[in-house]
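Chain by chain, the residues run as shown.
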Amino acid sequence: MEAKQLAVTGSSTPQSPVYRALLRAGPSLRALQQVHGHIVVSGSHRSRALLTKLITLACEAGSIFYTRRLFLSVPKPDSFLFNSLIKASSKFGFPQHTVFFYHRMLGFRIAPSSYTFTSVIKSCADISALRLGRCVHSHVLVCGYGSDSFVQAALVTFYSKSSDLGAARKLFDKMPDRSVVAWNSMISGYEQNGFSREAIEVFNQMRELGVEPDSTTFVSVLAACSQLGALGLGCSVHHNVINNGLHVNVALGTSLIIMYARCGNVSIAREIFDSMNERNVIAWTAMISGYATNGYGSQAVELFCQMRAHGPVPNTVTFVAVLAACAHAGLVHEGRETYANMRQEYGLVPGVEHHVCMVDMLGRAGLLTEAYQLIKELGPEEATPAVWTAMLGACKMHKNFDLGVIVAEHLLEVEPENPGHYVMLSNIYALAGRMDRVEMVRNMMMGRSLRKKVGYSTIEVNQKTYLFSMGDKSHPETNEVYQYLDELMSQCREAGYAPVPESVMHEVEEEEREYALRYHSEKLAIAFGLLKTKDGMAIRIVKNLRMCEDCHEAIKFMSVVTKREIIVRDKLRFHHFKDGSCSCMDYW
DNA sequence: CTAGGGTTAG
């Protein structure tokens, strides 16, 4: 008994005073450096256990350079030290350093373990280092860890995050037993890369095989529903969450808020928000952003006020949401105040996205000079194409020919490969009646073999989403849809609808004219929805581009003659059409 | 002398 006591009081054992001092210091740089001093003074600096603990704590404290200095002071680092370092640097967000330590480890001819690989692969995933990750993958195989399920799951995540979904799926399919985490990786991988349908497919496959989904699974599946604007499916997933008796944590709650908001149902989103017992910045920001994209500017600002009063501290993302809300709702005064507040009260520096919101907001309100002034005051690296594009939109909206041309020419110079700029410039020339210039811009675009982005719209009916694009006649009920739409449009005309002249770029697209296309994709999707759903049910459409003025006008009339609420989510925001008017108040 | 992994929300 006494001998044992003696044995553990040595300076390098876990129970030693110095070791306990280290644990007490925790991940705090100052405290660690003090203990480090004690270690040196007490002569125990040769103890590996102490140094290893000190090094990993330094890493956790966020000081990677101190960590590296300490590491370099260790004469012969062993595999325990390397694994601890690799794990810590990977976990605490220093992926490049993880790779550095990994290379060092190999240099010392120390064999990595499956634990080493999971951390290294995670770091490769964090920086989307595809080439490097592939090398590590081969190394995994050479070292005989190819069938370790943790390593495999990490590799699935790595390939997903590096956007090589093919490789991720191939690995995933070959996994003999897939844990929930592996399923989650695959589902999230698809969702994060915009493959919502595939994400949902894998989710269904998972359930067919009887694997219990967890809250992480639902977070990703709900995100996929959000992308699709698939409210029916989203609701059924929500029911799943409830039926599985899962605890709705912050991430899951936030995911539900986003799903309902991105499907155009803000009031349920708000109910979820109110029902959550833990709400962090992300949850608040998601709710504010939900109000913003749906055009509920004052509710967004109101919620932001509550947040400032008794919520978490807003960050730069929160401010983007609030400013976007102001821009979409024409709340110029509130927007200006918020923009100033950001710096003065919170010490946050406005970035590109905030400037885009401000230019957009001022521009929409017709304050073109002020918007342009704001751009001119930006530094060269701050005046990004996104900011100029917002300016260009404002010029077109207010038919400011002279400024529009200047802005567009700048954009064509810095982004000659973006077809959107040509379309916009051509439209501006058309508005000014400069048809010669319209032709010139069109030829320029053709000369650079750029094509306008194809527009498409989706609609969910009975938990299935259908895609429509202009001129696409692949749908089995195309004829019925067109026939019904013709009828509907004549009813609209009787009710007073007058077509808004097509955007000129459409007129000049010969290829498109050949198809004798009558309707943009949103009209097709709406017609299909009206045919397929019961009277009185709201119609929800998601469009990948912005709606044109003519469609916007036509849908107002559709909402009257069909007595339906029609909700369109376009690239930027929502339009809720009801009884002949739109929630955007034609301010978009 | 020693511990431990891969997945999720704005």
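Thresholds applied
- Numbers given to residues run from 1 along each chain, matching the order in which its sequence is written.
- Each chain gets a letter, beginning with A, and each ligand a number, beginning with 1, in the order they are written.
- For a predicted model such as this one, the threshold for reporting local features is a pLDDT of at least 70, and the threshold for listing and counting side-chain atom pairs is 80 or more; totals across whole chains, interfaces and linings nevertheless cover every residue.
- Heavy atoms throughout the structure, all of them, feed into the side-chain values; hydrogens and water do not.
- Counting from the N terminus, the helices are DSSP H or I runs at least four residues long and the strands are E runs at least two residues long.
- Using a 1.4 Å probe on the protein chains alone, a residue whose accessible area is under 20% of its type maximum counts as buried, one over 50% counts as exposed, and one in between counts as partly exposed.
- This count recognises Lys and Arg as positive and Asp and Glu as negative, with His and chain-terminal groups excluded.
- A charged residue contributes its charge at one atom only: NZ of Lys, CZ of Arg, CG of Asp or CD of Glu.
- Where helices are involved, their axes are fitted lines through C-alpha atoms of the stretch in contact, as for all axes, and angles between N-to-C directions lie from 0 to 180°.
- The scheme is simple: roughly parallel for angles under 35 degrees, roughly antiparallel for over 145, roughly perpendicular for 65 to 115, oblique for anything else.
- Throughout, a crossing is termed right-handed when the near helix is turned clockwise from the far one, and left-handed when it is turned anticlockwise from it by less than a right angle.
- The contact definition used throughout considers only heavy atoms, calling two residues in contact when any of these lie within 4.5 Å.
- Each residue gets one label: Ala, Val, Leu, Ile, Met, Phe, Trp, Tyr, Cys and Pro are nonpolar, Asp, Glu, Lys and Arg are charged, and the others, such as Gly, are polar.
- Two strands are counted as paired when DSSP detects at least two bridges linking them.
- Any Phe, Tyr or Trp ring, taking Trp's six-membered ring, that has another such ring centre within 6.5 Å forms a pair; planes under 30 degrees apart are called stacked, those over 60 apart edge-to-face, and the others tilted.
- Definition used: whenever NZ (Lys) or CZ (Arg) falls within 6 Å of the ring centre and also within 35 degrees of the ring normal, the charge is taken to sit over that ring.
- Only a single heavy atom is needed: when it lies within 4 Å of a molecule or strand, its residue is near that molecule or strand.
- Distance and chemistry together define a polar contact, namely a pair of N or O atoms within 3.5 Å, with one atom able to donate a hydrogen and the other to accept it when in protein, and with adjacent residues in sequence counting only for side-chain atoms on both sides.
- These domain boundaries are the output of an automatic or database domain assignment.
- We call a crossover right-handed when, viewed with the strands running away from us, the connection from the first strand over the helix to the second turns clockwise.
- Between Lys or Arg on one side and Asp or Glu on the other, a salt bridge is scored when a side-chain nitrogen of the former is within 4 Å of a carboxyl oxygen of the latter.
- Here a cavity denotes a set of grid points, spaced 1 Å apart and computed over the protein atoms alone, in which a 1.4 Å probe fits but from which it cannot get out, and a pocket denotes an open set meeting protein on both sides within 12 Å along at least five of seven lines; residues with an atom within 4 Å of a point are reported as lining.
- Grid points are joined across faces, edges and corners, and a volume is the space filled by probe spheres set on the points.
- By convention a nonpolar core is built from buried Ala, Val, Leu, Ile, Met, Phe, Trp, Tyr and Cys residues, the set being connected through side-chain atoms within 4.5 Å.

Engineer: What is the right way to look at the overall build of chain A in this model?
Structural biologist: Along the backbone of chain A there are 32 helices and 6 strands. Projected onto the principal axes, the alpha-carbon positions of chain A cover approximately 100 × 55 × 50 Å. Across the 588 residues that make up chain A, the buried fraction comes to 49%. Averaging the locations of the 59 positively and 57 negatively charged side chains of chain A gives two centres separated by 9 Å.

Engineer: So what exactly am I meant to see when it comes to the packing of helix H4 (residues 48–60) against helix H5 (residues 64–73) here?
Structural biologist: Between two packed helices, both the angle of their axes relative to each other and the distance between the axes serve to describe the pair. Orientation of H4 relative to H5, taken along the N-to-C sense of each, is 160°, at an axis distance of 7 Å. By the angle class used here, H4 and H5 are roughly antiparallel. Here H4 and H5 pass one another in a crossing that is left-handed. Contacts between H4 and H5 involve Leu54, Ile55, Ala58 and Cys59 from the first element and Ile64, Tyr66, Thr67, Leu70 and Phe71 from the second. Of the residues contributing to the contact of H4 with H5, the split by class is 8 nonpolar, 1 polar and no charged.

Engineer: Where do I start with the sheet that holds strand E4 (residues 566–569) in this structure?
Structural biologist: By definition, the strands of a sheet pair up through backbone hydrogen bonds, in either a parallel or an antiparallel sense. Ordered in space as E2-E1-E3-E4-E5-E6, the 6 strands form an open sheet in which the pairing is mixed. Each edge of the sheet is formed by a strand with only one pairing partner; in this case those strands are strand E2 (464–469) and strand E6 (581–582).

Engineer: I keep staring at the packing of aromatic side chains and nothing clicks. Help me out?
Structural biologist: Pairs of aromatic rings are described using the distance from one ring centre to the other and the angle between the two planes. Applying the stated criterion across every chain, the model contains 20 aromatic pairs. Considering the side-chain rings of Phe71 and Phe82, the 5.5 Å spacing of their centres and the 65° angle between planes classify their relative orientation as edge-to-face. Within this pair, whereas Phe71 is found in helix H5, its partner Phe82 is found in helix H6 (residues 79–91), the two being separated by 11 residues in sequence. A residue is classified by how much of its surface remains accessible, and Phe82, at 0% relative accessible area, is buried. When the ring of Tyr291 is compared with that of Tyr296, the centres are 6.3 Å apart and the planes differ by 75°; the resulting orientation is edge-to-face. By relative accessible area, Tyr296 is classed as partly exposed at 30%. Lying over the aromatic face of Phe100, Arg68 brings its terminal NZ or CZ to 3.5 Å of the ring centre. Across from the ring centre of Phe172, 4.7 Å away, lies the NZ or CZ of Arg178, which sits over that ring.

Engineer: For this particular structure, what's the right way to read the protein's contact with DNA strand B?
Structural biologist: Lining the immediate environment of DNA strand B, one finds 39 residues, of which Phe80, Tyr115, Asn184, Gln192 and Asn315 sit closest. Sugar plus phosphate: this is where 33% of the atoms of DNA strand B within 4 Å of the protein reside. Between DNA strand B and the protein, one listed contact pairs a base nitrogen with a backbone N or O atom of Ser114 at 2.8 Å. Between Ser188 and DNA strand B, the recorded distance is 3.4 Å, taken from a side-chain N or O atom to a phosphate oxygen. Counting residues per element, the surface near DNA strand B draws most heavily on helix H10 (residues 149–161), which supplies 6 residues. When the residues that make up the surface near DNA strand B are grouped by side-chain class, the tally is 14 nonpolar, 19 polar and 6 charged.

Engineer: Looking at this structure, how should I read the domain arrangement of chain A?
Structural biologist: Split into domains, chain A comes out as domain 1 (181–278), domain 2 (351–452) and domain 3 (456–582). Computed from C-alpha atoms alone, the centre-to-centre distance between domain 1 and domain 3 is 28 Å. Across the contact, 15 residues belong to domain 1 and 10 residues belong to domain 3. Per-element tally for the side of domain 1 that touches domain 3: the top contributor is helix H15 (residues 231–243), with 4 residues. Split by residue class, the side of domain 1 that touches domain 3 holds 6 nonpolar, 7 polar and 2 charged.

Engineer: Explain the side chain of His328 here, please?
Structural biologist: Structurally, the position occupied by His328 is in helix H20 (residues 316–329). Of the residues examined, His328 reaches a relative accessible area of 7% and is grouped as buried. In contact with His328, not counting residues within four places along its chain, are Ala292, Arg364, Leu572, Arg573 and Tyr587.

Engineer: I tried to follow the packing of helix H16 (residues 250–262) against helix H18 (residues 281–293) on my own but got confused; where do I start?
Structural biologist: Where H16 contacts H18, the axes come no closer than 9 Å and their chain directions differ by 5°. Judged by the inter-axis angle, H16 sits roughly parallel to H18. On H18, the residues that touch Thr254, Ile257, Ile258 and Ala261 of H16 are Ile282, Ala283, Ala286, Met287 and Gly290. Taken together, the residues that form the contact of H16 with H18 break down as 7 nonpolar, 2 polar and no charged.

Engineer: Would you explain the pairing of strand E3 (residues 539–543) in this entry?
Structural biologist: With 4 of 5 residues buried, E3 lies mostly within the body of the structure. Bridging between strand E1 (residues 456–461) and E3 involves 3 bridges; their strand directions are antiparallel. Within the sheet, the bridge partner assigned to Ser457 lies in E3 and is Lys543. Pairing analysis gives 4 bridges linking E3 to E4, with the strands arranged parallel. Counterpart to Ile539 in the pairing with E4 is Ile566. Handedness of the crossover joining E3 and E4 through helix H32 (residues 549–561): right-handed.

Engineer: Please explain the environment of Pro95 as it appears in this structure.
Structural biologist: Tracing the sequence through the fold places Pro95 in helix H7 (residues 95–107). Pro95 gets classed as buried once you look at its relative accessible area, which sits at 11%. Remark: the alpha-carbon pair of Pro95 and Ser119, spanning 24 residues in sequence, is separated by 9.1 Å.

Engineer: How do you make sense of the pattern of salt bridges when you look at a structure like this?
Structural biologist: Here the idea is simple: oppositely charged side chains can pair when their charged atoms come close. Per the counting criterion, the structure on display carries 16 salt bridges. Across the pair Lys556 and Glu553 runs a salt bridge, and its minimum N-O distance is 3.2 Å. Residue Lys556 and its partner Glu553 are located together in helix H32, separated by 3 residues, close to a single helical turn. A residue is classified by how much of its surface remains accessible, and Lys556, at 8% relative accessible area, is buried. Classification of Glu553 as partly exposed rests on a relative accessible area of 25%. When salt bridges that share partners are traced, they join Glu553, Lys556 and Asp586 into one network.

Engineer: What exactly am I supposed to notice about the layout of surface pockets here?
Structural biologist: Gaps between atoms show up when a probe of the same size as a water molecule is rolled over them. Estimated volume of the second largest pocket: approximately 600 Å³. Together, 28 residues line the second largest pocket, and Ala153, Ala154, Thr157, Val181 and Ser185 are the ones closest to its centre. Among the elements of the structure, helix H8 (114–126), H10, helix H12 (180–192) and helix H14 (215–228) are those that each provide at least two residues to the lining of the second largest pocket. Here the element with the most residues in the lining of the second largest pocket is H10; it accounts for 8 residues.

Engineer: How should I be thinking about the nonpolar core in this particular structure?
Structural biologist: Note that soluble globular proteins tend to have their nonpolar side chains buried in a common cluster. Core analysis: the largest hydrophobic core is formed by 143 residues, its most contacted members being Ile121, Met391 and Val407. Among the elements that take part in this core, H20 stands out by supplying 9 residues, more than any other. Discounting residues that sit within four places of it in the chain, Ile121 has contacts with Val136, Val140, Val151, Ala154, Leu155 and Phe158. With 32 residues, the next largest nonpolar core counts Ile539, Cys548, Met558 and Val568 among its residues.

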